[in-house]
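One letter stands for each residue in the lines below.
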Amino acid sequence: KLKELPDESVDMVMTSPPYWALRDYGVEGQLGLEPTFQEYINKLCDIFDEVRRVLKKEGTCWVNMGDTYAGSGGNHKACGGKGTQKIQNAERKCLLQIPSRFAIEMCNRGWILRNEIIWHKPSCMPSSVKDRFTVDFEKVFFFTKSKKYYFETQYEPQISPNVDMPKTIQVSGNETQFISKGQHRLTEKGTTPHFNPNSQGRNKRCVWRITTKPYKEAHFATYPEALCETPIRAGCPVGGTVLDPFFGAGTTGLVVRKLGRNFIGIELNGEYIKIAEKRMIVTLGELL
């Protein structure tokens, strides 16, 4: 379907591809059940080669991805029992660093990685493991096709004026040094520092605290609407088109329509398309 789209025809990509060795979606040709994670990453990046073709030069691409442990239960179920064995020079129980490997391969293929965003999940699923910490985050990679691209700055509230207020330290000579959150600036001795917070807030940081909100009819984890709101506001102009090549239950499309943009969704599983259509009708009164 991607090959049917014209060159440079979409403004933005927002998606979350199937994670490697996590679950069987029951569809022929699905991604994520490859016997090795190298094969998975290569296939996924081949898809994003085509995504890069259809993305406008000033377009942005946002990809949510989680990691996998070698020998985890998901590996065992998805890969024919091989998950309990040593996987490609990674010992059992080793975190495989699949998101990082994916990002590196994307950069090798010409993408520009602008941010690595941490999606902190305060309501993450509890873990029964006793020999490591519970993982409560996933990553969202922010790629661009060109050095110059569309981006609307997003702001967040100043957490505390006391944290951001400059502190004064007397130094030798005729100068006083002001230190604010590790940033240094010099001014003449005796002058008063001024703290002028932006009325819009501060430039949004890279750790986003967003509670998971699973959609019960989807029978699998869908990312929350709040996770793709900020990227869409930042990376796609109003009236522009957002592509999700792994549409799933249609969360991206739902948020896109709420924000006054258009979308193209590609999904292999017909059941999920029906779920997405129902969500559109119930929430927006629209049919795909």
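Residues numbered from 1 in each chain as written. Predicted model: local features only at pLDDT ≥ 70, side-chain atom pairs only at ≥ 80, totals over all residues. Heavy atoms only, no water.

## Describing the overall build of the protein chain
Summing up its helical and strand segments, the protein chain has 7 helices and 12 strands in all. A total of 288 residues make up the protein chain; the buried ones form 41% of that total. Here the contacts in the protein chain between residues at least 6 apart in sequence split such that 68% fall between residues at least 24 apart. When the accessible area of the protein chain is evaluated, it comes to approximately 16000 Å², of which 51% is carbon and sulfur surface. (Helix = DSSP H or I, 4+ residues; strand = E, 2+ residues; numbered from the N terminus. Buried < 20%, exposed > 50% of the residue type's maximum accessible area, 1.4 Å probe, protein only. Contact = heavy atoms within 4.5 Å. Areas by Shrake-Rupley, 256 points an atom, 1.4 Å probe, with all protein chains shown as cover.)

## Some remarks on the packing of helix α5 (residues 225–235) against helix α6 (residues 251–258)
Contact pair α5 / α6: the axes reach a minimum separation of 9 Å and the direction vectors enclose 50°. Taken together, α5 and α6 sit at an angle that is classed as oblique. Judged by the twist between their axes, the crossing of α5 over α6 is right-handed. Taking contact as the criterion, the partners of Glu225, Cys228, Glu229 and Ile232 in α5 are, on α6, Thr251, Thr252, Leu254, Val255, Val256 and Lys258. (Axes fitted to C-alpha atoms, helices over the stretch in contact; angles between N-to-C directions. Parallel < 35°, antiparallel > 145°, perpendicular 65-115°, else oblique. Left-handed = near helix turned anticlockwise from the far one by under 90°.)

## Looking at the packing of helix α1 (residues 37–54) against helix α3 (residues 98–108)
Relative orientation of the contacting elements α1 and α3 amounts to 45°, with a least axis distance of 10 Å. In terms of orientation, α1 lies oblique with respect to α3. Considering the relative orientation of α1 and α3, their crossing is right-handed. Along its contact with α1, which presents Phe37, Tyr40, Ile41, Leu44, Cys45 and Phe48, the element α3 presents Ile98, Arg101, Phe102, Glu105 and Met106. Residues belonging to the contact of α1 with α3 are distributed by class as follows: 9 nonpolar, no polar and 2 charged. (Nonpolar A, V, L, I, M, F, W, Y, C, P; charged D, E, K, R; others polar.)

## Considering the sheet that holds strand β3 (residues 112–120)
The 7 strands lie next to each other as β10-β3-β4-β2-β1-β11-β12, forming an open sheet whose pairing is mixed. The open sheet terminates on both sides in strands that have one partner only, identified here as β10 (207–209) and β12 (262–265). Along the sheet, successive strands turn relative to each other by an average axial angle of 20°, direction set aside. Sheet topology places strand β2 (residues 55–65) next to strand β4 (residues 137–144); 6 bridges connect them, and they run antiparallel. By the bridge assignment, Thr60 is partnered in β4 with Thr144. Set on the sheet, α3 makes contact with β2, β3 and β4; between it and β4 the angle comes to about 5°. The sheet strands contacting α5 are β1 (10–15), β2, β3, β4 and β10, and the helix crosses β1 at an angle near 165°. (Pairing = 2+ DSSP bridges.)

## Re the packing of aromatic side chains
The full count for this structure, using the stated rule, is 10 aromatic pairs. Ring centres of Phe102 and Phe143 lie 6.1 Å apart, and the angle between their planes is 90°; on these two criteria the pair is classed as edge-to-face. A residue pair is termed long-range when its members are at least 10 positions apart, and Phe102 in helix α3 and Phe143 in strand β4 qualify at 41 residues. Each member of the pair, Phe102 as well as Phe143, is classed as buried. Each residue in the set Phe48, Phe102, Trp111, Phe141 and Phe143 is aromatic and connected to the rest through ring pairs, giving one cluster. Against the face of Trp119 rests Lys121, its NZ or CZ located 5.0 Å from the ring centre. (Phe/Tyr/Trp six-rings, centres within 6.5 Å; stacked < 30°, edge-to-face > 60°. Lys NZ or Arg CZ within 6 Å of the ring centre and 35° of its normal.)

## Let's talk about α6
With 6 of 8 residues buried, α6 is to be regarded as a mostly interior element. Within the span of α6, buried status applies to Thr251, Thr252, Gly253, Leu254, Val255 and Val256. Buried-residue contacts for α6 involve β1, α5, β11 (241–244), β12 and α7 (270–284). Where α6 terminates, the next one or two residues include Gly260, which has phi positive at roughly 80°.

Read these as layout, nothing more, since geometry by itself doesn't imply function.
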